[in-house]
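# Coordinate inspection notes
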Amino acid sequence: MILGIDEVGRGPWAGPLVVGAVVLGGAQIEGLTDSKKLSKKRREILHDEIFEKADAVGLGWVTASELDQVGMSQALVLATRRAVEQIQAPYQEIIIDGTINFLKDTGKGKYVTTLAKADLLIPSVSAASIVAKVARDRYMTEQDLLYPEYGFKNNSGYGVAAHRNAIDAFGVTSLHRLSFAPLKKYAAG
């Protein structure tokens, strides 16, 4: 029984950081892999199947303003803890994609294994990658309705040319990460 953990949204200039945590239990789900290797349609299908079949799913969110206040390293810790707190199913091991144990200062830290490319290798980590990516993408699509000038449904908040042009023309929103170097000039004070 593995609790798999992965994050999405580390690089975008706007939007939340989201960590997924999944205990698949005995669920067999075909096609799990790193969310970035899947089409949007396939991710959506797998997302729904994960929520239907997994023993537990948690999502930890950190807003852009929280991220600006605490920094990326602490935001990753905070989002991971928020995701894990939602897990009510039993597990014996925690595998976090990457090389940093975001739970090291908690009672769960000693049960963590960090593994680069775990989202390709461990089904529960793949599932965590998928649910986090779909949740964040859906959120950014909703934000596109509020801020259509920025193209969030297409760029998910990444600093692509169209997004940079929109920032130049319209400024920043509450979704923008003002601690990121290209946006620091917009920070008050």
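Quick note: structure is the one above.
Thresholds, definitions, all that
Residues numbered from 1 in each chain as written. Predicted model: local features only at pLDDT ≥ 70, side-chain atom pairs only at ≥ 80, totals over all residues. Heavy atoms only, no water. Core = buried A, V, L, I, M, F, W, Y, C linked by side-chain atoms within 4.5 Å. Buried < 20%, exposed > 50% of the residue type's maximum accessible area, 1.4 Å probe, protein only. Helix = DSSP H or I, 4+ residues; strand = E, 2+ residues; numbered from the N terminus. Pairing = 2+ DSSP bridges. Axes fitted to C-alpha atoms, helices over the stretch in contact; angles between N-to-C directions. Contact = heavy atoms within 4.5 Å. Phe/Tyr/Trp six-rings, centres within 6.5 Å; stacked < 30°, edge-to-face > 60°. 1 Å grid on protein atoms, 1.4 Å probe; cavity = no way out; pocket = protein on both sides within 12 Å on 5 of 7 lines; lining within 4 Å. Points joined across faces, edges and corners; volume = space filled by probe spheres on them. Nonpolar A, V, L, I, M, F, W, Y, C, P; charged D, E, K, R; others polar. Expected span 1.5 Å × (residues − 1). Parallel < 35°, antiparallel > 145°, perpendicular 65-115°, else oblique. Left-handed = near helix turned anticlockwise from the far one by under 90°.

### Quick word on the nonpolar core
Residues Leu3, Ile5, Leu17 and Ile94 are the most contacted members of the largest nonpolar core, which totals 32 residues. Secondary-structure elements contributing two or more residues to this core are β1 (2-8), β2 (17-23), β3 (56-62), α2 (64-85), β4 (93-97) and α6 (161-170). It is α2 that provides the largest number of residues to this core, a total of 7 residues. Counting 19 residues, the second largest nonpolar core, distinct from the first, contains Leu32, Ile50, Leu59 and Ala127.

### Focus on the sheet that holds β4
Hydrogen bonds along the backbone pair up the strands of a sheet, which may run parallel or antiparallel. With mixed pairing, the 5 strands of this open sheet are ordered in space as β3-β2-β1-β4-β5. The open sheet terminates on both sides in strands that have one partner only, identified here as β3 and β5 (112-115). Neighbour-to-neighbour, the strand axes of this sheet turn through a mean angle of 20°, independent of strand direction. Examined bridge by bridge, β1 and β4 share 4 bridges and lie parallel to one another. Opposite Ile5, over in β4, you have Ile96 as the bridge partner. Lying over the sheet, α2 contacts β1, β2 and β3, oriented at roughly 170° with respect to β3.

### Topic: the packing of aromatic side chains
This model, assessed by the stated rule, comprises 5 aromatic pairs. Ring centres of Tyr147 and Tyr150 lie 6.4 Å apart, and the angle between their planes is 80°; on these two criteria the pair is classed as edge-to-face. A relative accessible area of 23% places Tyr147 in the partly exposed class. Relative to Phe152, the ring of Tyr147 lies with its centre 6.5 Å away and its plane at 75°, an arrangement referred to as edge-to-face. Taken together, the ring pairs in this structure connect Tyr147, Tyr150, Phe152 and Phe170 into an aromatic cluster.

### Digging into the layout of surface pockets
If you add up the space inside the largest pocket, you get close to 420 Å³. No other element matches the 4 residues that helix α4 (residues 123-146) contributes to the lining of the largest pocket. Class assignment of the residues belonging to the lining of the largest pocket gives a composition of 5 nonpolar, 6 polar and 11 charged. Volume-wise, the second largest pocket comes out at about 210 Å³. Taken together, the residues that form the lining of the second largest pocket break down as 8 nonpolar, 3 polar and 1 charged.

### Looking at helix α1 (residues 40-53)
An ideal rise of 1.5 Å per residue puts 20 Å on 14 residues; α1 measures up with 20 Å between its terminal C-alpha atoms. Looking only at α1, the buried set comprises Arg43, Leu46, His47, Glu49 and Ile50. Taken together, the buried residues of α1 touch β2, β3 and α4.

### Some points on the packing of α1 against α4
Angle between the axes and distance between the axes: these two values describe a pair of packed helices. For the pair α1 and α4, interaxial distance at closest approach is 9 Å and the crossing angle is 115°. Judged on the interaxial angle alone, α4 and α1 are roughly perpendicular. By crossing handedness, the relation of α1 to α4 is classed as left-handed. Of the residues in α4, those in contact with Arg43, Glu44, Leu46, His47, Asp48, Ile50 and Phe51 of α1 are Ala127, Ile130, Val131, Lys133, Val134, Asp137 and Arg138.

Geometric descriptors of this kind do not, in isolation, establish any biological role.
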